[in-house]
Structure formats: C-alpha cells, structure tokens
Amino acid sequence: MSSVCVIIPCYNEAGRLPVDAFRTYLKQTTAVRFCFVDDGSTDQTRTVLEQLQAEQPSRVEALILPQNRGKAGAVRAGMLHVAQQPVDYVGFLDADLATPLDAIDDLIETLDRQPELDLVMGSRIKFLGVDIRRKLFRHYTGRIVATFISNILKLPVYDTQCGAKLFRRRAVESLFRQEFISPWLFDVELLARMIQQHGRAEVIKRVVERPLRQWVEQSDSRISSTYMFKMWYELYRIQRTYRDV
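Here is what the cut-offs are and how they apply
Residues numbered from 1 in each chain as written. Predicted model: local features only at pLDDT ≥ 70, side-chain atom pairs only at ≥ 80, totals over all residues. Heavy atoms only, no water. Helix = DSSP H or I, 4+ residues; strand = E, 2+ residues; numbered from the N terminus. Rg over C-alpha atoms; globule rule 2.2 N^0.38 Å. Buried < 20%, exposed > 50% of the residue type's maximum accessible area, 1.4 Å probe, protein only. Contact = heavy atoms within 4.5 Å. Areas by Shrake-Rupley, 256 points an atom, 1.4 Å probe, with all protein chains shown as cover. Lys, Arg positive; Asp, Glu negative; His and termini not counted. Charge placed at Lys NZ, Arg CZ, Asp CG, Glu CD. UniProt positions renumbered as here; feature names shortened; annotations may be inferred. Expected span 1.5 Å × (residues − 1). Salt bridge = Lys/Arg side-chain N within 4 Å of Asp/Glu carboxyl O. Pairing = 2+ DSSP bridges. Axes fitted to C-alpha atoms, helices over the stretch in contact; angles between N-to-C directions. Phe/Tyr/Trp six-rings, centres within 6.5 Å; stacked < 30°, edge-to-face > 60°. Lys NZ or Arg CZ within 6 Å of the ring centre and 35° of its normal.

Going by what an unreviewed UniProt entry lists, the chain is known as Glycosyltransferase and is assigned to Spirosoma rhododendri.

Peer 1: Just to check I follow, could you spell out the overall build of the chain for this structure?
Peer 2: For the chain, the count of helices and strands is 9 helices and 9 strands. A compact globule built from 245 residues should have a C-alpha radius of gyration of about 18 Å, and the chain, at 17 Å, falls within 12% of that. In the chain, buried positions account for 51% of the 245 residues. For the chain, long-range pairs separated by at least 24 residues make up 81% of all intrachain contacts whose partners lie at least 6 apart in sequence. Put simply, the chain shows about 12,100 Å² of open surface, and 51% of that area lies on carbon and sulfur atoms. Placing the 34 positive and 30 negative side-chain charges of the chain at their respective mean positions leaves the two points 5 Å apart.

Peer 1: Please explain the UniProt feature "domain: Glycosyltransferase 2-like" (unreviewed entry) in the chain as it appears in this structure.
Peer 2: The sites that UniProt annotates as "domain: Glycosyltransferase 2-like" (unreviewed entry) are residues 5-176. End-to-end, the C-alpha atoms of residues 5-176 are 16 Å apart, and along that stretch the chain is 40% helix and 22% strand.

Peer 1: Would you mind going over helix 5 (residues 136-153) with me for this structure?
Peer 2: Because each turn of an α-helix spans 3.6 residues, side chains separated by three or four positions end up pointing in the same direction. For helix 5, which comprises 18 residues, the first-to-last C-alpha distance of 26 Å matches the rise-based estimate of 26 Å (1.5 Å per residue) to within 8%. Of the residues making up helix 5, those classed as buried are Thr141, Gly142, Val145, Ala146, Ile149, Ser150, Ile152 and Leu153. Tucked inside the fold, the buried residues of helix 5 contact helix 7 (186-198), helix 8 (200-206) and helix 9 (227-241). Positive phi shows up at Lys154, right after helix 5, with a value of about 55°.

Peer 1: Sorry, what's going on with the pattern of salt bridges here?
Peer 2: Where charged atoms from two side chains of opposite charge approach closely, those side chains can pair. A full pass over the atoms with the stated rule returns 16 salt bridges. Across the salt bridge formed by Arg124 and Asp159, the nearest N and O atoms sit 2.8 Å from each other. Here the residue Arg124 occupies a position in the loop between strand 5 (119-123) and strand 6 (131-133), and Asp159 occupies one in the loop between helix 5 and strand 7 (164-168), the gap between them amounting to 35 residues. You'll find Arg124 and Asp159 in the same group, each marked buried. Residue Asp131 is joined to Arg133 by a salt bridge in which the shortest nitrogen-to-oxygen separation is 2.8 Å.

Peer 1: Explain unusual backbone geometry to me, please; I cannot follow it from the model alone.
Peer 2: Positive phi values are uncommon outside glycine, yet Leu97 reaches one of about 55°. Take Leu97: it is sitting in the loop between strand 4 (89-93) and helix 4 (103-113). Positive phi, normally seen in glycine, also occurs at Lys154, with a value near 55°. Mapped onto the secondary structure, Lys154 falls in the loop between helix 5 and strand 7. Owing to a relative accessible area of 56%, Lys154 belongs among the exposed residues under this scheme.

Peer 1: Explanation requested: the sheet that holds strand 5 in the structure shown.
Peer 2: The strands making up a sheet associate through hydrogen bonds between their backbones, and the pairing can be parallel or antiparallel. Here we have 7 strands laid out as an open sheet, ordered 3-2-1-4-7-5-8, and mixed in their pairing. The sheet is open, and its two borders are formed by strand 3 (60-65) and strand 8 (207-211), each paired with just one other strand. Each strand of the sheet is rotated relative to its neighbour by a mean of 20°, with strand direction disregarded. Pairing of strand 1 (residues 4-10) with strand 4 involves 4 bridges; the strand directions are parallel. The residue bridging Val4 from the neighbouring strand is Tyr89, located in strand 4. Contacts from helix 7 reach strand 4, strand 5, strand 7 and strand 8, with the element oriented near 145° to strand 5.

Peer 1: How should the packing of aromatic side chains be read in this particular structure?
Peer 2: Think of a pair of aromatic rings as described by two things: how far the centres are apart, and how the planes are tilted against each other in angle. Within this structure, the stated rule accounts for 11 aromatic pairs. Taken together, a centroid distance of 5.0 Å and an interplanar angle of 75° make the contact between Phe22 and Phe36 edge-to-face. Residue Phe22 is located in helix 1 (residues 19-28), and its partner Phe36 is located in strand 2 (residues 32-39); the two are separated by 14 residues in the primary sequence. Each of the two residues, Phe22 as well as Phe36, counts as buried. Judged by centre distance (6.0 Å) and plane angle (40°), the rings of Phe34 and Phe36 are tilted. An aromatic cluster is defined as three or more aromatic residues linked by ring pairs; in this entry it consists of Phe92, Phe167, Phe176, Phe180 and Phe186. The residue whose ring lies beneath Arg124 is Trp215, and the NZ or CZ to ring-centre distance is 4.8 Å. It is Arg143 that lies over the ring of Tyr158; its NZ or CZ is 3.7 Å from the centre.

Quick look at the structure:
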C-alpha cells in the first residue's frame with residue numbers, strides 16, 4: 001500500500017477547520033497522514049493543530065511558520081518538508097474541505113494505476129452523477145481564467161486552480177525548489193515548470209486531471225474581490241517568466 005502525506009495550508013483557521021472530519025478520516029484509513037502548515041496565523045490555529053498532532057502523533061504533523069507566506073509559500077514549505085520523508089505520494093488540499101477528504105483515495109488510486117504519472121489534479125467538472133456546487137458568477141469567471149491559462153501553457157488543461165493535487169515524491173523537490181511568483185496561481189507555475197523540465201509532449205503523459213465526485217464552494221473565501229484585478233497582472237508575469245516553455 002502506498003504511503004501518502006497531504007499538506008493542509010492553514011491561515012487563521014481556528015474557527016472553521018473541520019477537525020472532526022479529519023479525525024473521522026484518519027480512523028478510516030491507515031495509508032494517509034497530514035501535515036498542517038500554520039501560515040503565521042494570528043488566532044488560535046497553532047493551538048488547534050498542535051492538539052490534533054498530540055492526539056495522532058504518528059499521523060498528524062503541525063508545521064509552524066513564524067510569518068505569513070501566503071498559500072503558495074505555505075504549500076511550498078510543507079511539500080519540501082515532507083518530500084524529505086519516506087513517503088510515496090505528497091499532495092495538498094484546501095483546509096475548508098471544499099474537496100472532501102475521500103477524494104484523496106481517488107487521487108491515490110489514479111497514481112497507483114498509472115506509474116508513468118507524476119501528478120494527478122482534481123478537476124471540478126460538472127456533469128450528471130457528480131455534486132459540484134459553485135456560484136454561477138465564480139463558475140463563469142473561472143472558465144474565462146482557465147481558458148487564458150490553457151492558452152498560456154498551450155495545454156488542454158480544464159482546471160488548474162482546484163485545490164486538490166497529488167504528486168509522486170520524485171517530482172516534488174525540483175518543482176517546489178524555487179519560490180512562486182503568485183500566492184494563488186502557483187498551480188499554473190507548477191505546470192510551466194514541468195514543461196520547462198520535460199517538454200510539453202512529455203507533460204501530457206505525466207499529468208492527468210481526475211474529475212471530482214464532489215466539490216462544494218465555501219462562503220468564507222480567503223481571496224479578496226480586488227484580487228481579480230491583480231490576478232491578470234500575475235498571469236502576465238507568469239507568461240513573461242515562462243515564455244520560453
């Protein structure tokens with residue numbers, strides 16, 4: 001059975017982290033453990049995470065960052081930390097569990113079944129038989145952004161920004177070694193770095209999107225409404241930085 005560690009970036013999550021959901025999931029599986037990264041929180045997040053670690057010291061680790069680095073920095077710190085440990089797969093998931101924890105099992109199954117893959121990405125594709133709940137405005141805005149991203153990368157990728165991804169450990173260090181340009185669009189940079197390293201044709205063989213069975217948008221978004229304007233500048237910077245891919 002593959003060993004897996006999932007990074008959960010946390011910033012001021014003391015009042016909303018679904019701790020009981022994590023406790024329940026840990027009882028249901030023995031293959032997965034969690035590394036919660038406290039991204040310089042100013043509330044009681046650290047206390048909550050350290051209590052969870054004390055309850056399950058072999059399955060839960062609390063990595064405490066002294067200063068806020070943003071989501072990209074928190075995920076990067078956690079991924080590089082765990083990549084030094086004896087684990088087969090390393091991934092990350094949003095703390096609000098918009099993507100439910102049982103989706104981890106689907107991502108694991110994909111990597112187990114396809115040893116040529118380095119990365120499986122959860123994808124929020126709405127069709128009959130799945131439960132994808134997203135506000136209409138954010139859905140259509142997301143589709144416009146996703147189209148731009150697909151054109152920048154020259155890859156037929158549907159959903160780079162879903163916060164559920166699982167990597168084979170061999171791919172982690174080189175992808176996360178450098179800091180990211182954007183605190184929220186680092187997923188785009190990850191794919192651009194893979195293209196730099198392996199070429200676009202090879203990336204198509206190494207990366208796959210796995211449609212999620214459930215994704216429920218949470219109302220307490222940490223992305224401000226004004227970020228939509230800044231996001232386009234960050235996409236421009238990413239395009240300029242990786243223009244040779």
